[in-house]
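Read off the chains here:
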Amino acid sequence: MQVYGTEITSRLLLGTAQYPAPSVLAEAIASSGTEIITLSLRRETADGSGAGFWQGLQQAGCHILPNTAGCHSVQEAVTTAHMARDLFNTAWIKLEVVGHADTLQPDVFGLVEAARILAEDGFQVFPYTTDDLVVGEKLLEAGCEVLMPWGAPIGSGQGLRNPDALRAMRAHFPKVPLIVDAGIGRPSDAAQAMELGMDAVLLNTAVAKAGDPATMGRAMALAVEAGHLGYAADPMPRRDMAVPSTPVLGLAELT
Amino acid sequence: MQIIVNAQAHEVRAQTLEAALCELGFTSPAIATALNGVFVSRAKRSDVLLTNGDRLEVLAPMQGG
């Protein structure tokens, strides 16, 4: 698949937060086969710990997708995006404008406004949005070429709350890369998203908070691939009644 | 003069943002800056003059989802 002209082989995007140790994060990145990892910006400490973390991650060789997590206003998100571009030397930005502190639900009005400002300034925006079709249209009009609808609230691990809405997004935006971002808890959730025709899945907590993050990273990668192949293979329709799979023709009369 | 760096007060002798970062020990290239809520690019830091009470944010790469 391509995002903003960049060819991506792995359809699993991985967050880098909440791992028990940097070495565990590195193992999870490797086992997941991800090519895109998300990062944030936070206040640097006097000991330069942020720089050390960054040096370690650069060895992974992944594309960096900085986020604006924690920004509650357009101005905060836009300023953070500029700082991220200056720091990571990338035009990519995972744009989050938080509407509620408790649900971390996107403020879609602020999101569209910030996306327009950033796209006009040359950013390649990956907007974390809801599954609302009209908001999706507005984001595309604002210059986004990718949409990242939520599956469930960030960090909840609930799986897809509204599969029908994601299916509708796929139908409404057939050519737009759709990346389910947030809410994935288990490999089956990731596979379900891909079976609905999503182009990729972005997750973090599901791997970071698993008992064995490296193995979960691999499990998620396999689930994403299986779901993607399943969608491409055009699954059979569901039936209400049983239909024998073994031929009835030639059945012996044994009574 | 006194400036606020990442929410903590610091005395600095430097006049420019670039020099203040050096004086405060932010020598890593992996930082991004904003002064009084406005982004200041790497290239502009040596042009930006500080005034007493300025609020400086110095950010670095961090784990994120």
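**Quick word on the pattern of salt bridges**
Residues and elements named next belong to chain A. All told, the structure shown has seven salt bridges over all chains when counted by the stated rule. The residue Arg85 makes a salt bridge to Asp121 at a minimum N-O spacing of 3.9 Å. Residue Arg85 is located in helix α3 (residues 74-88), and its partner Asp121 is located in the loop between α4 (108-120) and β7 (124-129); the two are separated by 36 residues in the primary sequence. Looking at Asp121, the relative accessible area reads 36%, which means it is partly exposed. With its nearest N and O atoms 2.7 Å apart, the salt bridge here joins Arg170 to Asp199. Here Arg170 is found in helix α6 (residues 163-172), whereas its partner Asp199 is found in the loop between α7 (187-195) and β10 (200-203), with 29 residues between them in sequence. Each member of the pair, Arg170 as well as Asp199, is classed as buried.

**As for the sheet that holds strand β8 (residues 148-149) of chain A**
Strand pairing in a sheet relies on backbone hydrogen bonds, with the paired strands running either antiparallel or parallel. All names here are of chain A. One open sheet accounts for three strands, arranged β6-β7-β8; its pairing is parallel. Each edge of the sheet is formed by a strand with only one pairing partner; in this case those strands are β6 (92-95) and β8. As judged from the two bridges shared by β7 and β8, these two strands associate in the parallel manner. Within the sheet, the bridge partner assigned to Tyr128 lies in β8 and is Met148.

**Some points on the interface of chain A and chain B**
Where the parts come together, the accessible area they lose is often given as the size of the interface. Tallying the contact residues gives 26 residues for chain A and 25 residues for chain B. Taken over both partners, the interface formed by chain A and chain B buries close to 2,100 Å², and the fraction arising from carbon and sulfur atoms is 62%. If you sort the residues of chain A by the area they bury against chain B, A:Arg43, A:Met83 and A:Asp86 come out on top, with a joint share of 32%. A salt bridge links A:Arg43 to B:Glu57; the shortest N-O distance between them is 2.7 Å. Going through the elements one at a time, β4 (36-43), α2 (49-58) and α3 of chain A are the ones with two or more residues in the side of chain A that touches chain B. No other element matches α3(A), which puts seven residues into the side of chain A that touches chain B. In terms of residue class, the side of chain A that touches chain B is built from nine nonpolar, eleven polar and six charged. Bridge analysis of β4(A) against strand β5 (residues 55-63) of chain B gives five bridges, and the strand direction is antiparallel. Across the sheet, the residue bridging to A:Ser40 is B:Met62, located in β5(B).

Rules used throughout
- Residues numbered from 1 in each chain as written.
- Chains lettered and ligands numbered in written order.
- Predicted model: local features only at pLDDT ≥ 70, side-chain atom pairs only at ≥ 80, totals over all residues.
- Heavy atoms only, no water.
- Salt bridge = Lys/Arg side-chain N within 4 Å of Asp/Glu carboxyl O.
- Helix = DSSP H or I, 4+ residues; strand = E, 2+ residues; numbered from the N terminus.
- Buried < 20%, exposed > 50% of the residue type's maximum accessible area, 1.4 Å probe, protein only.
- Pairing = 2+ DSSP bridges.
- Contact = heavy atoms within 4.5 Å.
- Buried area = accessible area lost by both parts, 1.4 Å probe.
- Nonpolar A, V, L, I, M, F, W, Y, C, P; charged D, E, K, R; others polar.

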